[in-house]
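# Analysis of the macromolecular model
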Amino acid sequence: MIPQTMHSIFAKPNHDEASRQNFVNDFRVHLASKVFPGNFPAYFGRVLPAFIKAQGREPKDRHEVRKVMTKDPYYQLWSAMQRNSQEMIWDSVIDAVERQLPDLLKKAKDLKGKGSLTLNPNVEVPKYHNAADIHLQPGAYHTDVAPDDLSAGAIYDRGTYIYSMGGLGAENDGLGRILQKFFHKQYPDKKIERVLDMGCTIGGSVSFWSTKEPGTEFHAIDVGAPCLRYGHARAKAVGANVHFSQQNAEKTNFLDASFDVVTSHILLHETSRQAIQNIFKECYRLLKPGGVMMHLDLPQAFGQNPLEGFLWEWEIYNNNEHFYGQLRELDTADVATKAGFDPAKFKIHQVASTWDDGQTPYSNENFTFPVYVAVK
Amino acid sequence: MPETQIRLPRVAKGKRPQFFDDPAVDQMMTFIIELSAEVSVLYDRVDTIERLLDSKGTISRTDIENYRAPDAVESERMARRDGYLKRVFRMHQNTTLPKAVKSKAKPAPKEKSKKRRK
Ligand SMILES: C[S@@+](CC[C@H](N)C(=O)[O-])C[C@H]1O[C@@H](n2cnc3c(N)ncnc32)[C@H](O)[C@@H]1O
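Residues numbered from 1 in each chain as written. Chains lettered and ligands numbered in written order. Predicted model: local features only at pLDDT ≥ 70, side-chain atom pairs only at ≥ 80, totals over all residues. Heavy atoms only, no water.

### Quick word on the packing of helix α6 (residues 151-163) of chain A against helix α9 (residues 225-237) of chain A
Residue and element names in this part refer to chain A. Quick note on the threshold: The axes used here are C-alpha line fits, helices contributing only the stretch in contact, and every angle between their N-to-C directions lies in the interval 0 to 180 degrees. The secondary structure listing takes helices from DSSP runs of H or I that are at least 4 residues long and strands from runs of E that are at least 2 residues long, numbered from the N terminus. Each angle is binned into one of four classes, with values under 35 degrees roughly parallel, values over 145 roughly antiparallel, values of 65 to 115 roughly perpendicular, and all other values oblique. Whether a crossing is left-handed or right-handed is set by the direction in which the near helix is turned from the far one by less than a right angle, anticlockwise for left-handed and clockwise for right-handed. Any two residues whose heavy atoms approach within 4.5 Å are treated as being in contact. Gly falls in the polar group here, along with every residue not listed as nonpolar (Ala, Val, Leu, Ile, Met, Phe, Trp, Tyr, Cys, Pro) or charged (Asp, Glu, Lys, Arg).
Contact pair α6 / α9: the axes reach a minimum separation of 6 Å and the direction vectors enclose 65 degrees. Comparing their axes, α9 and α6 come out roughly perpendicular. The chirality of how α6 crosses α9 is right-handed. Contact with α6, carried on its side by Ser-151, Ala-152, Gly-153, Ala-154 and Asp-157, involves Pro-226, Cys-227, Tyr-230 and Arg-234 of α9 and no other residues of that element. Taken together, the residues of the contact of α6 with α9 break down into five nonpolar, two polar and two charged.

Set out below in C-alpha cells:
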C-alpha cells in the first residue's frame, strides 16, 4: 500500500476525516471489483436475450444498449452506488479543506520556491465549464470562496486520488509520467527548451515534467484561478519550476512559434467540439517548426463493443462529463488538418498506462490512453 | 464551526440522475451508503481507542484525535472494511461471468483498479 504523498500544502485529514476518505476509497474498490463486473452477466444473461427475443437481432450500438440496460435492476443499483461514491469523494475531502482553509492560505503565501503565477481576472470561465460541475466537484475548478482562494485545487488534489483509487501513483501525477515517458521514447533526440501544458489544473502532470527536465522552461495555463494558485504552491512544495498563468487554451497571449512542445493531459474531453478545433489551431500557432503537439485523453468509442461503449459512457450521463461525448466520435485527424497540421504528420498513438518504475495507474495492463500527436 | 469559518460549496451544479422508477429509492440508497460510511468511521475510532488503551493503559480525547494509523494498521483496517462492505452489500455483487460470454466481456478498465491507497 502506497499512501498519497502529503506535501507541505496538502490538506491533511484529521482522524475521522481520514476514516471517511478511506471508506470512500474502499467502497469504490469494492464497487469496481465486486459490483461493476456483475453488469456483464446481467447484460448477457437477461438483457441481451430479452432484446434479441423482442427485436430478432442484437443491439447495433451503445445507444441501443443504453435504452435497455438502464432499466435493468442490477445496473440501476450499481449506478446508484457509484454515483453516491462520487458525491462522497468530494464531501469527505471538502471537510478537511474547509476546516484548514485559513491555514492553507497562509502556508501558500509563506512557501518559498521557483516558478511564477500570473492571474487575469478578465479570463472568462468557458460555457462548457459553467453548465454543470464536471465530475461533481461542487464549485468545479473555478469557484473562489475567499481572497486568494485555493480550495478548489486542494480538493482536486485529494479527490482525484480517491477517484482513481490511487491509480495515478503516490504523487498523483501518473498522467505526466506516462506522457513524459512516451515523449522521450518517441523523440529520443529532440531538444526541448520551452514547453506549454494546457488545462494544467493543479499542475500535477507538468510539475512532474519539470522535476525531470530542470533545463527546460515550463509554462502551464488554465482558466480556473483557485486551481492555479494551489498549483503554484504545490509546484513549490514539490520542487518544480513552472510558470502558471490564467489563460484560455483556445486563445493565449504567447508568441507565435515559441514552444517546442505543447501538451495537455485529459483536457480535451472536458471542452466542446469547437474548443478542440480552436485549441489545435492555437497549438499550431504556438509551435516552432518541428515542434510537437501531444494531447493525452480518454478512449474514443471506435473499436469498443456496444456494451463496453455504453459502460464507458456512464460518466457522461451520471458524472457530469457531458462533453466527453463529442470527443468519443470526433475525427481528430480532420481537426488537426483544419488547424493547419500536415495530415501525414498527425497520428493517434495508443499509449500504455505504465511508467518506468513499474507503477501502473490501472490494474488492467492492456489499458491504453489515446495520445493525439502532430508535428509542425 | 465558528461563525467566521469560510464555507465551501457542497452541492455540484447539474441535475442529479434518477436511476429507479421511484425517486425515494434513490434517496434511500444515499441514506444507506452514508450510514455505512459512518459505521465504518466509528469502527476506526473504536479501533484507535482499543489500540491506544493496549499501549498506554489510559487515554485522552487528544490522544485519539492525534492518532494516525501507521501503514500496517491501515492495512488491517482496509481488510476489515473489505469484509464489512461484502457483508453490508452482500446481495448485490457478482464477479462471475457466464462462460459463453467471457471472451466478449471486457470491463471498462477505468473502474478496475484494485489498488488501495490511503
Ligand atoms: C481534467 S482537468 C486536467 C488535469 C491536469 N491536466 C492534470 O494532468 O492533472 C481539465 C482542466 O482543463 C481546464 N480547462 C478546460 N477548458 C480550458 C480552456 N479552454 N483553457 C484552459 N483550461 C481549460 C479546466 O479548468 C480543468 O482544470
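### Digging into the nonpolar core
General note: in soluble globular proteins, nonpolar side chains tend to be found buried as a group. Selection rule: For our purposes a nonpolar core is just a set of buried Ala, Val, Leu, Ile, Met, Phe, Trp, Tyr and Cys residues, chained together by side-chain atoms within 4.5 Å. Relative accessibility thresholds used throughout: buried, under 20% of the residue-type maximum; exposed, over 50%; partly exposed, between the two (1.4 Å probe, protein chains only).
In this structure, Phe-27, Tyr-43, Met-69, Met-81, Val-97 and Leu-307 of chain A are the most contacted members of the largest nonpolar core, which totals 62 residues. Of all the elements, helix α4 (residues 73-110) of chain A adds the most residues to this core, at 15 residues. Those residues in contact with Phe-27 of chain A that lie beyond four places of it in its chain are Met-81 and Ser-85 of chain A together with Ile-33, Leu-85 and Phe-89 of chain B.

### A few points about the pairing of strand β6 (residues 287-296) of chain A
Residue and element names in this part refer to chain A. Note the cut-off: Each pair of strands is called paired provided DSSP finds at least two bridges between the two strands. Classification remark: right-handed applies to a crossover when, strands pointing away from the viewer, the course from the first strand over the helix to the second runs clockwise.
Here β6 lies mainly inside the structure; seven of its ten residues are buried. Across six bridges, the pairing between strand β5 (residues 259-265) and β6 is parallel. Across the sheet, Ser-264 pairs through a bridge with His-295, a residue of β6. The parallel pair β5 and β6, bridged by helix α10 (residues 273-286), forms a crossover whose chirality is right-handed. Taken together, the five bridges between β6 and strand β8 (residues 368-375) define a ladder with antiparallel strand orientation. The partner of Leu-296 across the bridge, within β8, is Val-371.

### A few points about the interface of chain B and chain A
Many structure descriptions define interface size as the accessible area lost when the parts assemble. Condition: As used here, buried area is the combined drop in accessible area, with a 1.4 Å probe, of two parts when they are placed together. Salt bridge, as used here: a side-chain nitrogen of Lys or Arg that lies within 4 Å of a carboxyl oxygen of Asp or Glu.
Residue-level contacts link 65 residues of chain B with 81 residues of chain A. Between chain B and chain A, the buried area comes to about 7,100 Å², and carbon and sulfur atoms account for 61% of it. Counting every contact that joins chain B to chain A gives seven salt bridges. Arg-20 of chain A is paired through a salt bridge with Glu-38 of chain B; the nearest N and O atoms lie 2.8 Å apart. Residue assignment for the side of chain B that touches chain A shows that the elements contributing at least two residues are α1 (23-56), α2 (61-66) and α3 (71-88) of chain B. If one sorts the elements of the side of chain B that touches chain A by residue count, α1 of chain B sits on top with twelve residues. Here the side of chain B that touches chain A is built from residues that sort into 26 nonpolar, 13 polar and 26 charged.

These values are about where atoms sit, not about what they do.
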